[in-house]
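Each chain is listed here by its residues.
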Amino acid sequence: MARKKQDCTLPALRRPARLREGDLTDTQLAEILRRIALNYRAAEGQPFYPLRDAARHLDVPFSALRRVYARLSKEGLLTSMRGSGTLLEGRRAGRRLNIKSFIGLPISSSCFMTLQDYQCFYFELRREAQSRGFVSNMIFYKDTSRGLEELRTTLDEFGVDSVIWFLPRSSVRETVLSLKESGTLVLGIADGGSPGLGCRYEIHREKAFGAILRHWRSHSGITSITIARVSRRSPADEEMIEAAAEKAGLAYDYRHIRANEIAEAVASLGNERKHGIVLPAAPAALLSLRAPEAFARLLKSCRVALPDGPTTSLLAAPPDTPVDLLTVDWRHVAKKIVGDILRKRAFRESPATVFEAVPRYQVPLHRYLEVF
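Below, the discussion takes up the pairing of strand β9 (residues 224–229). With 6 of 6 residues buried, β9 lies mostly within the body of the structure. Every second residue of β9 is oriented toward a common face, with S224, T226 and A228 on one face and I225, I227 and R229 on the other, all of them buried. In the sheet, β9 pairs with strand β10 (residues 251–256) via 6 bridges, with the strands oriented parallel. Counted as the bridge partner of S224 is A251 from β10.

Below you can see the structure in the form of structure tokens.
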């Protein structure tokens with residue numbers, strides 16, 4: 001005999017104010033419903049929002065909500081009972097919820113779109129954290145005062161226990177201080193530049209990049225390099241490149257690349273065989289995303305180095321031209337950070353843990369590129 005369906009007595013379901021407009025991702029939906037489930041979980045099980053009612057109140061497709069309900073069921077929060085709808089598991093249920101803590105992952109929209117290493121770090125960290133019993137929320141923000149204020153509000157709404165921030169710029173300093181004052185643990189990971197907080201983990205690229213420049217001089221007879229630059233400079237990265245060039249005995253100069261004259265810039269960069277080109281993250285992203293064909297031609301015409309790792313591409317078939325670049329074992333980095341969190345080491349006052357980048361010589365770029 002089918003069970004009698006019971007009415008849900010949980011509070012009326014509605015979107016948070018900051019998410020009233022636009023579509024909701026599966027992650028956002030899961031966080032809304034997970035937070036309600038945890039806040040109103042009783043000793044015994046109770047009816048949860050019917051799928052179709054929840055989809056209507058949140059204004060989302062039924063299929064999306066069904067995926068989220070399945071995710072929460074795997075976490076041990078919900079269970080589907082034939083004839084009784086969806087139930088919110090009670091605290092006394094035999095199947096126990098085992099979530100260690102909630103981690104917030106602030107993600108700069110601009111960095112995520114242009115820096116492949118940035119994407120790789122967060123994907124690997126999120127995968128490792130979830131496999132070890134943490135719930136992690138990827139929260140995108142714009143690096144403006146308003147964007148950071150919205151980020152702070154979102155982190156409050158999600159009720160995260162800690163925040164892991166990769167490439168924190170100086171502009172986030174006030175946000176970090178506010179989080180710490182509210183009792184939220186903040187963990188920074190630096191990768192060049194000037195971080196906005198003291199970072200417990202650091203990615204170092206100096207040795208690996210110096211090895212590339214020395215290889216250029218000894219094996220290819222290169223005697224000078226040009227460092228590409230866009231309107232948004234990175235003084236710390238340029239200082240690292242200049243120091244490496246001086247140690248390798250290479251002369252260097254700069255070439256400013258403007259968005260409205262990319263073709264002219266590429267033509268002037270690639271006209272000397274004994275001359276190397278260094279493309280930091282910003283100019284590499286500009287060329288590969290705004291002028292992918294010109295970028296591919298540049299790689300064929302001269303020796304090019306990508307000190308910030310592989311960039312992204314809009315080409316259906318990414319360039320297979322050899323290039324020199326630096327890589328980081330992001331899976332190893334993620335395992336180390338999550339392992340330190342589990343062992344209560346990550347948030348202790350201690351010297352920074354350093355991860356060294358590795359030089360790759362004349363590797364086909366298409367093996368490393370992610371295509372949009």
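Moving on, there is more to tell.
Before going further, it helps to spend a moment on the pattern of salt bridges. Taken as a whole and assessed by the stated rule, the structure comprises 16 salt bridges. R132 is the salt-bridge partner of E128, the closest N and O atoms lying 3.1 Å from each other. Residue R132 is classed as partly exposed on the basis of its relative accessible area, which comes to 32%. Salt-bridge contacts for E128 lead to K335; the nearest nitrogen and oxygen are separated by 3.4 Å.

Counted under the stated rule, the structure contains 14 aromatic pairs. Relative to F166, the ring of Y122 has its centre 6.3 Å away and its plane inclined at 75 degrees; by these criteria the two rings are edge-to-face. Taken together, the residues Y122 in helix α5 (residues 116–131) and F166 in strand β6 (residues 162–166) connect sequence positions 44 residues apart. In this structure Y122 comes out as buried when scored by relative accessible area, which is 0%. With a relative accessible area of 1%, F166 lands in the buried category. The structure contains a cluster of three or more aromatic residues connected by ring pairs, namely Y118, F121, Y122, F166 and W330. Taking the ring centre of F102 as reference, the NZ or CZ of R35 above it sits at 4.6 Å. R229 extends its terminal NZ or CZ atom over the ring of Y254, reaching a point 4.0 Å from the ring centre.

A separate point is helix α3 (residues 62–74). Here α3 is 13 residues long and its end C-alpha atoms lie 19 Å apart, about the 18 Å a rise of 1.5 Å per residue gives. Within α3, burial applies to A64, L65, V68, Y69 and L72. Buried residues of α3, viewed axially, fall in a sector of 135 degrees; they line one side. Positive backbone phi, at 90 degrees, marks G76, one or two positions downstream of α3.

Here L269 lies in helix α10 (residues 262–269). A relative accessible area of 4% places L269 in the buried class. Sequence separation between L269 and L298 is 29 residues; the distance between their C-alpha atoms is 7.6 Å. Dropping the residues within four chain positions of it, L269 is found in contact with T226, R255, I257, I277, L298 and C302.

This next bit is on the pairing of strand β11 (residues 275–278). Because side chains alternate across β11, one face comprises the buried residues H275 and I277, and the other comprises G276 and V278, equally buried. Of the strand pairs in this sheet, β9 and β11 are connected by 4 bridges, and their pairing is parallel. The residue bridging I225 from the neighbouring strand is G276, located in β11. Where β11 lies against strand β12 (residues 303–306), 3 bridges are found, and the strand directions are parallel. Bridging across to β12, I277 finds its partner in V304.

This part covers the sheet that holds strand β5 (residues 135–141). An order of β5-β4-β6-β7-β8-β15 is seen for the 6 strands of this open sheet, with the pairing classed as parallel. Edge positions in the sheet fall to β5 and β15 (353–356), since each has one partner strand and no second. Ignoring which end each strand starts from, the neighbouring axes of this sheet average 20 degrees apart. Pairing between β6 and strand β7 (residues 185–190): 5 bridges, direction parallel. Note that in β7 the partner of S162 across the bridge is L185. Docked against the sheet, helix α13 (residues 330–342) engages β6, β7, β8 (201–204) and β15, running at close to 165 degrees with respect to β8.

Now for the sheet that holds β11. One open sheet accounts for 6 strands, arranged β10-β9-β11-β12-β14-β16; its pairing is mixed. In this open sheet, the two strands that pair with only one neighbour each are β10 and β16 (358–364). Neighbouring strand axes in the sheet, compared pairwise and without regard to direction, differ in orientation by 25 degrees on average.

Here we come to the nonpolar core. Within the largest apolar cluster, 61 residues are counted, with the highest numbers of intra-cluster contacts made by F121, I164, W165 and I337. The element that contributes the greatest number of residues to this core is α13, accounting for 6 residues. Not counting residues up to four positions away in its chain, the partners in contact with I164 are I103, G104, L105, P106, F121, Y122, L125, L187, I189, I337 and I341. Grouped together as the second largest cluster of nonpolar side chains are 25 residues, A228, A265, A294 and L369 included.

Scoring rules and cut-offs
- Residues numbered from 1 in each chain as written.
- Predicted model: local features only at pLDDT ≥ 70, side-chain atom pairs only at ≥ 80, totals over all residues.
- Heavy atoms only, no water.
- Buried < 20%, exposed > 50% of the residue type's maximum accessible area, 1.4 Å probe, protein only.
- Helix = DSSP H or I, 4+ residues; strand = E, 2+ residues; numbered from the N terminus.
- Pairing = 2+ DSSP bridges.
- Salt bridge = Lys/Arg side-chain N within 4 Å of Asp/Glu carboxyl O.
- Phe/Tyr/Trp six-rings, centres within 6.5 Å; stacked < 30°, edge-to-face > 60°.
- Lys NZ or Arg CZ within 6 Å of the ring centre and 35° of its normal.
- Expected span 1.5 Å × (residues − 1).
- Arc of directions from axis to C-beta.
- Contact = heavy atoms within 4.5 Å.
- Axes fitted to C-alpha atoms, helices over the stretch in contact; angles between N-to-C directions.
- Core = buried A, V, L, I, M, F, W, Y, C linked by side-chain atoms within 4.5 Å.

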